[in-house]
Amino acid sequence: MATDKKTTSHAIALKYDGEKSPYITAKGHQHLAEHIIEQVKQHGGLIHQDPVLAQYLNSFDVGDEIPQELYLIIAELIAFSWYLNGKTPPGWEGLEDIDISV
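Criteria and cut-off values
Residues numbered from 1 in each chain as written. Predicted model: local features only at pLDDT ≥ 70, side-chain atom pairs only at ≥ 80, totals over all residues. Heavy atoms only, no water. Helix = DSSP H or I, 4+ residues; strand = E, 2+ residues; numbered from the N terminus. Buried < 20%, exposed > 50% of the residue type's maximum accessible area, 1.4 Å probe, protein only. Contact = heavy atoms within 4.5 Å. Areas by Shrake-Rupley, 256 points an atom, 1.4 Å probe, with all protein chains shown as cover. Expected span 1.5 Å × (residues − 1). Arc of directions from axis to C-beta. Phe/Tyr/Trp six-rings, centres within 6.5 Å; stacked < 30°, edge-to-face > 60°. Patch = residues over 30% accessible without salt bridge, like charges linked within 9 Å, V, L, I, M, F, W, Y side chains within 5 Å. Salt bridge = Lys/Arg side-chain N within 4 Å of Asp/Glu carboxyl O. Polar contact = N/O pair within 3.5 Å; in protein donor to acceptor, adjacent residues only side chain to side chain.

Here's the deal with the overall build of the protein
Helix and strand counts for the protein stand at three helices and four strands. Here the protein holds 102 residues, and 26% of them are scored as buried. Long-range contacts, defined as pairs at least 24 residues apart, comprise 53% of the intrachain contacts of the protein with a sequence gap of at least 6. Element-wise, carbon and sulfur atoms account for 54% of the exposed surface of the protein, whose accessible area totals about 7300 Å².

This is the structure we're talking about:
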């Protein structure tokens, strides 16, 4: 989720299902933006405030996949969100099985 914090005038919601590229699921401004943000909060989604990212994503339509230029930043945001929620990607075991004692 990217928002324009100055006035909370814009919100863009992204979804990632773990298989396809993340895509835009909702976008709006003013009252609709506030509604989108409230819905994301209720569902435990990440709210990320970045006016530059929001402005760029606002140029795309609902249903559009994010462009390849944004893969790295969006992947970092998704990974951080998953970490905060105690999730890991499917098939990823992390570092639990690695003996780091010296």
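Here's the deal with helix 3 (residues 71-84)
Note that an α-helix has 3.6 residues per turn; residues three or four places apart therefore point the same way. Between its first and last C-alpha, helix 3 extends 20 Å over 14 residues, near the 20 Å set by a 1.5 Å rise per residue. Among the residues of helix 3, Ile74, Leu77, Ile78, Ser81 and Trp82 are the ones counted as buried. Angular distribution of buried residues about the axis of helix 3 spans 135°; they occupy a single face of the element. Exposed residues on helix 3 whose side chains face more than 90 degrees from its buried face are Leu72, Tyr83 and Leu84. Where helix 3 is buried, its residues touch strand 2 (10-15), strand 4 (48-49) and helix 2 (51-57). Glycine 86 sits one or two residues past helix 3 and shows a positive phi near 70°.

A closer look at the packing of aromatic side chains
Inspection of the entire model under this criterion finds one aromatic pair. For the ring pair tyrosine 56 and phenylalanine 60, a centre distance of 5.5 Å and an interplane angle of 75° mean the geometry is edge-to-face.

Examining unusual backbone geometry
Most peptide bonds take the trans form, and the phi angle of most residues other than glycine is negative. Even without a glycine there, the phi angle at glutamine 30 is positive, about 50°. Turning to its location among the elements, glutamine 30 is positioned in the loop between strand 3 (23-29) and helix 1 (31-42).

Re a nonpolar patch on the surface
Among the surface-exposed residues, Phe80, Tyr83 and Leu84 lie close enough to one another that they form a single nonpolar patch of about 390 Å² accessible area. Relative to the elements of secondary structure, leucine 84 occurs in helix 3.

Things to note about the side chain of serine 9
Inspection of the secondary structure assignment puts serine 9 in the loop between strand 1 (2-3) and strand 2. Among the polar contacts made by the side chain of serine 9, one reaches the side chain of histidine 10 at a distance of 3.0 Å.

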